[in-house]
Amino acid sequence: MLRDKDTEADFQRFLRRVDDVTNLLQGLSSPDGAVRDKAIAETEKRLQEQGGSREEEEEEEESRTTLNRTLINTSGSARAEAVDAALKEQGNEAFRAGDFALAIQRYSQGLDRLRDKQELYTNRAQAYLKLHEYEKAISDCEWALKSRQCYEKMLQIDPQKENLFKECVEEARLEEKRLREEQGAERAAQAGSAVASSIQELLQSISSPGQHILYYTGAIRLLAEAVSSEENQRLLLAQPAVSAQLAELLCSGTPQIHRDTLVLISLYSEHERGRRLLLRQDLSRWPQILLAFVKSTDARADSAMNILSDLAGEKRFQAQCRAMFSRDVLPLFTQLLDGCPDASSPGYQQCVFAVLGLMMNLLLESNSTIQDLAVPISGRCLALLSHQDGRIVTRATGVLSRVLPASPSAVEEVLKGGVVKKMLKFLKAGGQLTCSYAIKTLAICTRSSRRAQEELLRRDKRFQVLLRLLEAEDELLVGNAAFCLSQCLLVPGAGSALLGSSVVQLLLRQAGGDAQRSSVQQNSAIALGRLCVAEPRHLQQLRKLNGLAILNSSMKYLHS
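Not measured: the values here are computed from a predicted model. (Residues numbered from 1 in each chain as written. Predicted model: local features only at pLDDT ≥ 70, side-chain atom pairs only at ≥ 80, totals over all residues. Heavy atoms only, no water.)

Focus: the pattern of salt bridges
Applicable threshold: What makes a salt bridge here is a side-chain nitrogen of Lys or Arg within 4 Å of a carboxyl oxygen of Asp or Glu, nothing more. By definition, any uninterrupted DSSP run of H or I lasting at least four residues is a helix, any uninterrupted run of E lasting at least two residues is a strand, and each is numbered from the N terminus. A simple rule labels every residue: compare its accessible area, found with a 1.4 Å probe on the protein chains alone, to the largest value its type can have, and call it buried under 20%, exposed over 50%, or partly exposed in between.
Evaluated as defined, the whole model comprises 8 salt bridges. Between glutamate 413 and lysine 416 there is a salt bridge whose closest N-O contact spans 3.7 Å. Note that glutamate 413 and lysine 416 are positioned in helix H21 (residues 408–416) at a spacing of 3 residues, about one turn of the helix. Between glutamate 455 and arginine 459 there is a salt bridge, and its shortest N-O distance comes to 2.9 Å. Within this pair, glutamate 455 and its partner arginine 459 are both found in helix H24 (residues 450–459), separated by 4 residues, close to a single helical turn. Using a relative accessible area of 6% as the deciding quantity, one classes glutamate 455 as buried.

Below is the structure:
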């Protein structure tokens, strides 16, 4: 709507000029040179009649901008100015008539010819606002002197709409943000789709028979490059039967394919998120395949050992290994511990450490296969007790403590190998974890072997090591130490060896204590009863300590 100071006469004159300007515009745009020259001459004549020079731009209704009366000459820039003026007039008229779409079209045509014409941006912004295309309006305002002058122009036209313009700006900002997010999501989806297609094509290439070796290795390397991001890693493993394809590549019989495939798998195993994706697959064949590479003399060994090391601590991998424990894992484990051509390498040692940890988890459940392989496993672990890496020693001791209960024959074999002497050494100087495994191993050995009981009595003079463990804060150490002592007291002379020691006081304290582990009270009570049976002279100290009631209560354990 026109502002109050604009007159109806001005408006009517403007309407009469529209047809003339339209005809001039068509002539200026004609492909016919003669018609175009005639239109230019007519335009110059009309502008010269109106004054020839550029006048100040008059204030106008919301979007109205008067014709720029720059004198048109025959130069290219002058012609462009003339076309611009005509288009601007047409846009203004369309705006006044309420045809905002046409107004936008005319302003846009003018801007196609003169990209830096500020008033065209301002006018088009106002037309966009009328159509609620706020983002486009803001964009035009930014072109028109960085938006502030455009807003000011709008406010000059109608100061009462200040709040509306502010709301428009905010709405435009939110809309722009939404559009950016939608466009970003669309681009990501398109990129993901492209990557997925690429991955599918590469997997198909790998599955194609009869190709040259470079054909397969090239495809595998491209896959490795494609899965650099977590999303692309997920896309690869989402492909049907991909785990079987990777397993087939590892079994291909071609070292170069092995190496490239192991590198690809390493991209998953070396990060927690990658392992999480990897372990969603069926990896039942992988332990056997990976362990088979351990004795390789090239990069395959290190890669396979690193993957095993990464996966060994994952419960899902342990569960998958347990399912094929008897068929594959245990036999290959014994082969691994036989050593390899480069058994002293850090990579091999790391693999041994990882596989020992895996074995400890798998041995939590006893079965007939463990019984069958307990002797070779325990023999190889016993050999590792002299290893220079203390971590390997600790885990080898842990495996012993879990495999020996399954086989009395394995106990006898490790006793021949000097396991009692080694365990006492660890109990004297080892860390807490190593000590817990060592005392458990001694408890297993003394429970089933008289030889172990006698050797412990002989090597641990007056049971100094066991008495020290009875004072430990770790209940597991205390309970197993009391058990070992109770077993050794079955050997003649064992009770007498403890005369003059603090054994009665220590056992009374543990038997009548409030330990959370009931095995502490039970084993201590049994040891106390056997002590007094083996050497009655300990009863005198027991009476002094008022411990006969505890002794009486321990007799039920002794008989059982």
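Considering unusual backbone geometry
Phi at arginine 462 takes a positive value of approximately 55 degrees, unusual for a residue other than glycine. Summarising the element assignment, arginine 462 is placed in the loop between H24 and helix H25 (464–469). On the basis of relative accessibility, which here comes to 39%, the residue arginine 462 falls in the partly exposed class. Phi at phenylalanine 463 is positive, roughly 55 degrees, even though this residue is not glycine. If you trace the backbone, phenylalanine 463 turns up in the loop between H24 and H25.

Things to note about the packing of aromatic side chains
This is how it is decided: Centres within 6.5 Å make a pair out of two Phe, Tyr or Trp rings, where for Trp the six-membered ring is used; the pair is then stacked when the planes are under 30 degrees apart, edge-to-face when over 60, and tilted otherwise. Any Lys NZ or Arg CZ found within 6 Å of a ring centre and within 35 degrees of that ring's normal is scored as a charge over the ring.
Applying the stated criterion across every chain yields a total of 1 aromatic pair. Look at phenylalanine 95 and phenylalanine 100: their rings are 5.1 Å apart centre to centre, the planes differ by 70 degrees, and that puts the pair in the edge-to-face class. Assigned by exposure class, phenylalanine 95 and phenylalanine 100 land together as buried. Over the ring of phenylalanine 353 we find arginine 391, and its NZ or CZ is 4.1 Å from the ring centre.

Remarks on the packing of helix H20 (residues 390–403) against helix H23 (residues 432–448)
Stated precisely, the cut-off is as follows: To obtain an axis, a line is fitted to C-alpha atoms, over the contacting stretch when the element is a helix, and the angle between two such axes runs from 0 to 180 degrees between their N-to-C directions. Comment on the angle field: the value is read as roughly parallel under 35 degrees, roughly antiparallel over 145, roughly perpendicular from 65 to 115, and oblique elsewhere. Here a crossing is taken to be left-handed if its near helix is turned anticlockwise relative to the far helix by less than a right angle, and right-handed if that turn runs clockwise. The contact rule is simple, with two residues in contact once any of their heavy atoms fall within 4.5 Å. In the scheme used here, Gly and all other residues not listed as nonpolar or charged are polar, with Ala, Val, Leu, Ile, Met, Phe, Trp, Tyr, Cys and Pro taken as nonpolar and Asp, Glu, Lys and Arg as charged.
Packing of H20 against H23 leaves a shortest axis separation of 8 Å and a crossing angle of 30 degrees. It follows that H20 is roughly parallel to H23 by the angle criterion. Of the two elements, H20 crosses H23, and the hand of that crossing is left-handed. Touching Thr394, Thr397, Gly398, Leu400, Ser401 and Arg402 of H20 are Leu433, Thr434, Tyr437, Ala438, Lys440, Thr441 and Ile444, all from H23. Classifying every residue of the contact of H20 with H23 by side-chain character gives 5 nonpolar, 6 polar and 2 charged.

Brief notes about the side chain of threonine 261
By the element assignment, threonine 261 lies in helix H12 (residues 255–269). Taking relative accessible area as the criterion, threonine 261 reaches 0% and is therefore assigned buried. Non-local contacts of threonine 261, meaning those with residues more than four positions away in its chain, are made with Ile220, Leu246, Leu249 and Leu250.

As for the packing of helix H22 (residues 419–429) against H23
Across the interface, H22 lies against H23 with an axial gap of 9 Å and an inter-helix angle of 145 degrees. The two elements H22 and H23 meet at a crossing, and its hand is left-handed. Here Val419, Val420, Met423, Leu424, Phe426 and Leu427 of H22 lie close against H23, whose contacting residues are Thr434, Cys435, Ala438, Ile439, Thr441, Leu442 and Cys445.

Quick word on the environment of alanine 319
Within the secondary structure, alanine 319 is located in helix H16 (residues 315–323). For the pair alanine 319 and leucine 362, spaced 43 residues apart in sequence, the C-alpha separation works out to 8.1 Å.

Some remarks on helix H15 (residues 299–312)
The cut-off we apply is this: Any helix carries an expected span of 1.5 Å times its number of residues minus one.
With 14 residues, H15 should reach 20 Å at 1.5 Å per residue; the first-to-last C-alpha distance of 20 Å fits that figure. Within H15, 10 of the 14 residues are buried, which leaves it mostly tucked inside the rest of the structure. All buried positions along H15 are accounted for by Arg300, Ala301, Ser303, Ala304, Met305, Ile307, Leu308, Ser309, Leu311 and Ala312.

Focus on H22
Going by this rule: Taking the helix axis as origin, the arc is that swept by the directions to the C-beta atoms.
Within H22, the full set of buried residues consists of Val419, Val420, Met423, Leu424, Phe426 and Leu427. Projected down its long axis, H22 shows its buried positions confined to an angular sector of 160 degrees, all on one face. Opposite the buried face of H22, by more than 90 degrees, sit the exposed residues Lys421, Lys425, Lys428 and Ala429.

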